[in-house]
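Residue-level listing of the chains:
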Amino acid sequence: MALYLGVMSGTSLDGLDIALIEQREQLRLLATHYIPMPTDLRQQLLGLCASGPDEIARAALAENQWATLAAEGINYLLREQGLQPDAIDAIGSHGQTIRHEPARGFTVQIGNPALLAELTGICVVGDFRRRDVAAGGQGAPLVPAFHEALFGHLGQRLAILNVGGFSNLSLIEKDKPVHGFDCGPGNVLLDAWIERKRGQVFDADGAWAASGAVQPDLLHALLSDPFFAGSGPKSTGREVFNLPWLDGHLAQLPSYRDEDVQATLLELTARSIIDSLGQAQQGTEALLVCGGGARNGALMARLAQLLPGAQVSSTAAHGVDPDWVEAMAFAWLAHCCLARIPANRPSVTAARGLRVLGAIYSA
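Conventions we followed
- Residue positions are given per chain, counted from 1 along the sequence in the order it is written.
- With pLDDT at 70 or above as the cut-off, local features in this predicted model cover only qualifying residues; side-chain atom pairs require 80 or more to be listed or tallied, and sums for whole chains, interfaces and linings still use all residues.
- No hydrogens and no water enter the side-chain calculation; it runs on all heavy atoms of the structure.
- UniProt positions are given in the numbering used here, feature names are shortened, and annotations may be inferred rather than shown by experiment.
- Every helix listed is a DSSP run of H or I at least four residues long, and every strand listed is a run of E at least two residues long, numbered separately from the N terminus.
- A simple rule labels every residue: compare its accessible area, found with a 1.4 Å probe on the protein chains alone, to the largest value its type can have, and call it buried under 20%, exposed over 50%, or partly exposed in between.
- Residues enter a nonpolar core if they are buried and are Ala, Val, Leu, Ile, Met, Phe, Trp, Tyr or Cys, with the set joined through side-chain atoms within 4.5 Å.
- A contact between two residues is defined here by any heavy atoms of the two lying within 4.5 Å.
- If DSSP finds at least two bridges between two strands, the strands pair.
- Here, the term right-handed applies to a crossover whose path from the first strand over the helix to the second runs clockwise when the strands point away from the viewer.
- All axes are obtained by fitting lines to C-alpha atoms, using only the stretch in contact for helices, and the reported angles, taken between N-to-C directions, cover 0 to 180 degrees.
- For classification purposes, an angle smaller than 35 degrees is called roughly parallel, one larger than 145 roughly antiparallel, one from 65 to 115 roughly perpendicular, and anything else oblique.
- When residues are grouped by polarity, Ala, Val, Leu, Ile, Met, Phe, Trp, Tyr, Cys and Pro land in nonpolar, Asp, Glu, Lys and Arg in charged, and all others, Gly among them, in polar.
- Definition used for salt bridges: Asp or Glu carboxyl oxygen within 4 Å of a side-chain nitrogen of Lys or Arg.
- In this analysis, rings of Phe, Tyr and Trp, with Trp reduced to its six-membered ring, are considered paired at centre separations within 6.5 Å, and the interplanar angle assigns stacked below 30 degrees, edge-to-face beyond 60, and tilted for intermediate values.
- Placement of a positive charge over a ring is assigned whenever Lys NZ or Arg CZ falls within 6 Å of the ring centre and within 35 degrees of the normal to the ring plane.

An unreviewed UniProt entry lists the protein chain under the name Anhydro-N-acetylmuramic acid kinase, with Pseudomonas oryziphila as the source organism. The Sequence similarities (unreviewed entry) comment attached to the protein chain in UniProt states, word for word, "Belongs to the anhydro-N-acetylmuramic acid kinase family." For the protein chain, the Function (unreviewed entry) comment in UniProt is given as "Catalyzes the specific phosphorylation of 1,6-anhydro-N-acetylmuramic acid (anhMurNAc) with the simultaneous cleavage of the 1,6-anhydro ring, generating MurNAc-6-P. Is required for the utilization of anhMurNAc either imported from the medium or derived from its own cell wall murein, and thus plays a role in cell wall recycling."

## Looking at unusual backbone geometry
Following Ala140, the chain continues to Pro141 via a peptide bond in cis, the omega torsion being -15°. If you trace the backbone, Pro141 turns up in the loop between α4 (130–134) and α5 (144–151). In this structure, Asp54 is a non-glycine residue whose phi angle is positive, near 55°. Tracing the chain through its elements places Asp54 in the loop between α1 (39–47) and α2 (55–81). Taking the relative accessible area as the measure of exposure, Asp54 reaches 57% and is therefore exposed.

## Section: the nonpolar core
Side chains of a nonpolar character, in soluble globular proteins, are inclined to be buried together. Ranked by internal contacts, the top residues of the largest apolar core, which has 45 residues, are Leu169, Leu246, Leu265, Leu287, Val289 and Leu303. Broken down by element, the residue count for this core peaks at eight residues, all from helix α10 (residues 258–280). If near-sequence neighbours (up to four positions away) are discounted, Leu265 is found in contact with Leu189, Leu190, Trp193, Leu222 and Leu246. Formed by 39 residues, the second largest nonpolar core is a distinct cluster that contains Tyr4, Ile172, Val178 and Ala334.

## Brief notes about the pairing of strand β12 (residues 311–314)
When strand β11 (residues 286–290) meets β12, the two strands line up parallel, connected through four bridges. Directly across from Leu287, in β12, lies its bridge partner Val312. Between β11 and its parallel partner β12, the chain crosses via helix α11 (residues 297–306), and the hand of that crossover is right-handed.

## Details of the packing of helix α6 (residues 188–198) against α10
Put simply, α6 and α10 touch, their axes get as near as 9 Å, and they point 170° apart. By the angle class used here, α6 and α10 are roughly antiparallel. From α6, Leu189, Leu190, Trp193, Ile194 and Lys197 reach across to α10, where they touch Asp258, Val261, Gln262, Leu265, Leu266, Leu268 and Thr269. For the contact of α6 with α10, a count of residues per class yields eight nonpolar, two polar and two charged.

## Digging into the pattern of salt bridges
A side chain of one charge can pair with a side chain of the opposite charge when the charged atoms of the two come close. Scanning the entire structure with this criterion turns up 16 salt bridges. A salt bridge links Glu195 to Arg42; the nearest nitrogen and oxygen atoms lie 3.5 Å apart. Linking Glu195 in helix α6 with Arg42 in helix α1, this pair joins segments that are 153 residues apart in sequence. With a relative accessible area of 31%, Glu195 lands in the partly exposed category. Arg295 is the salt-bridge partner of Asp321, the closest N and O atoms lying 3.3 Å from each other. Note that Asp321 is positioned in the loop between β12 and α12 (325–338) and Arg295 in the loop between β11 and α11, a separation of 26 residues in sequence. Overall, the relative accessible area of 46% leaves Arg295 in the partly exposed class. Three or more residues are tied together by salt bridges with common partners; here these are Glu22, Arg24 and Arg28.

## Some remarks on the packing of aromatic side chains
For the structure on display, the rule yields six aromatic pairs. Ring geometry for Phe128 and Phe330: centres 5.4 Å apart, planes at 70°, overall edge-to-face. A residue pair is termed long-range when its members are at least 10 positions apart, and Phe128 in the loop between β7 (124–126) and α4 and Phe330 in helix α12 qualify at 202 residues. Pairing Phe228 with Phe241 gives two aromatic rings, centres 5.4 Å apart and planes at 35°, and the pair type is tilted. Linking Phe228 in the loop between α8 (216–223) and α9 (243–250) with Phe241 in the loop between α8 and α9, this pair joins segments that are 13 residues apart in sequence. Pair check on accessibility: Phe228 and Phe241 agree, each one buried. In this structure, Lys234 is placed above the aromatic ring of Phe227, and the distance from its NZ or CZ to the ring centre is 4.3 Å.

## Considerations on the sheet that holds β11
With respect to topology, five strands assemble into an open sheet ordered β10-β9-β8-β11-β12, the strand pairing being mixed. Single-partner strands in this sheet number two, and they are β10 (179–185) and β12. The average angle at which neighbouring strand axes cross in this sheet is 20°, direction not considered.

Okay, here's the thing in structure tokens:
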């Protein structure tokens with residue numbers, strides 16, 4: 001049946017998304033499963049995003065725990081669907097990014113695909129980003145090729161926006177290669193600030209941000225970061241945008257109400273997206289949003305205000321649940337690897353050419 005599973009664990013570290021797809025002439029999403037990230041594993045993974053003592057052993061133990069959690073979710077989904085492991089062609093496992101520094105020639109995703117293959121009895125394709133980096137690329141974003149496959153038939157001047165921990169755009173126009181890049185922080189600073197100040201994992205519907213007022217001086221300082229001046233290809237991560245980065249700016253400015261900082265961080269996310277879109281694609285007709293940001297009503301409303309000439313909507317408007325797009329993408333990337341189909345796009349990552357992505361771990 002050409003069935004593939006995709007497992008995605010993003011920079012927000014909220015949990016693992018698992019998607020089952022059928023890959024034929026048209027891709028179909030058949031089933032999904034979500035596993036919340038255990039608090040102890042989340043803290044271990046966050047700790048690995050910066051240098052620390054005994055980090056090699058800590059990373060090895062954390063990725064074993066991650067793979068075990070993913071296997072439990074996959075086996076649950078197969079039982080729920082009445083499927084045996086041999087019915088699945090492959091699992092596409094993104095793993096968990098703990099470092100992403102393409103300017104220094106490396107990106108690191110952990111998730112022990114060998115253990116995942118052992119625990120599920122299914123072929124696993126992992127390590128998708130390093131081949132693109134080896135070819136001189138950014139290794140991210142990797143989803144534009146999938147976005148093109150999924151939405152390219154719409155025939156509009158499209159922008160597909162994924163807002164997870166970080167935000168990235170895929171730009172699709174007829175008779176042009178797909179273009180894309182990371183825009184900057186998506187939810188990562190919003191989540192970190194509300195967790196610090198209110199003990200909540202995320203700002204539901206952007207309600208706390210909506211209760212505050214954007215602070216122009218703070219917004220100007222945040223947007224002055226050199227990352228925002230680049231037009232792409234470019235990618236970023238927690239190495240650049242994190243609470244110490246925010247604290248450094250706050251220390252240079254007057255004190256603000258906590259909710260005003262949250263409002264300004266939401267404006268930073270929205271502005272960095274729309275500013276970079278305006279530079280890269282004039283006359284965008286539709287902006288389709290996926291990822292957790294699609295559930296943030298305050299963010300969606302602000303994007304629509306900043307892009308009045310375009311239709312701004314969730315990917316759900318075109319029959320694709322925004323929560324599962326990235327997990328579907330890595331299932332599709334596993335299919336591409338097994339079929340020897342190049343899945344990076346030099347127009348996105350600046351790699352020296354097309355490359356088949358992923359390393360195969362047979363069952």
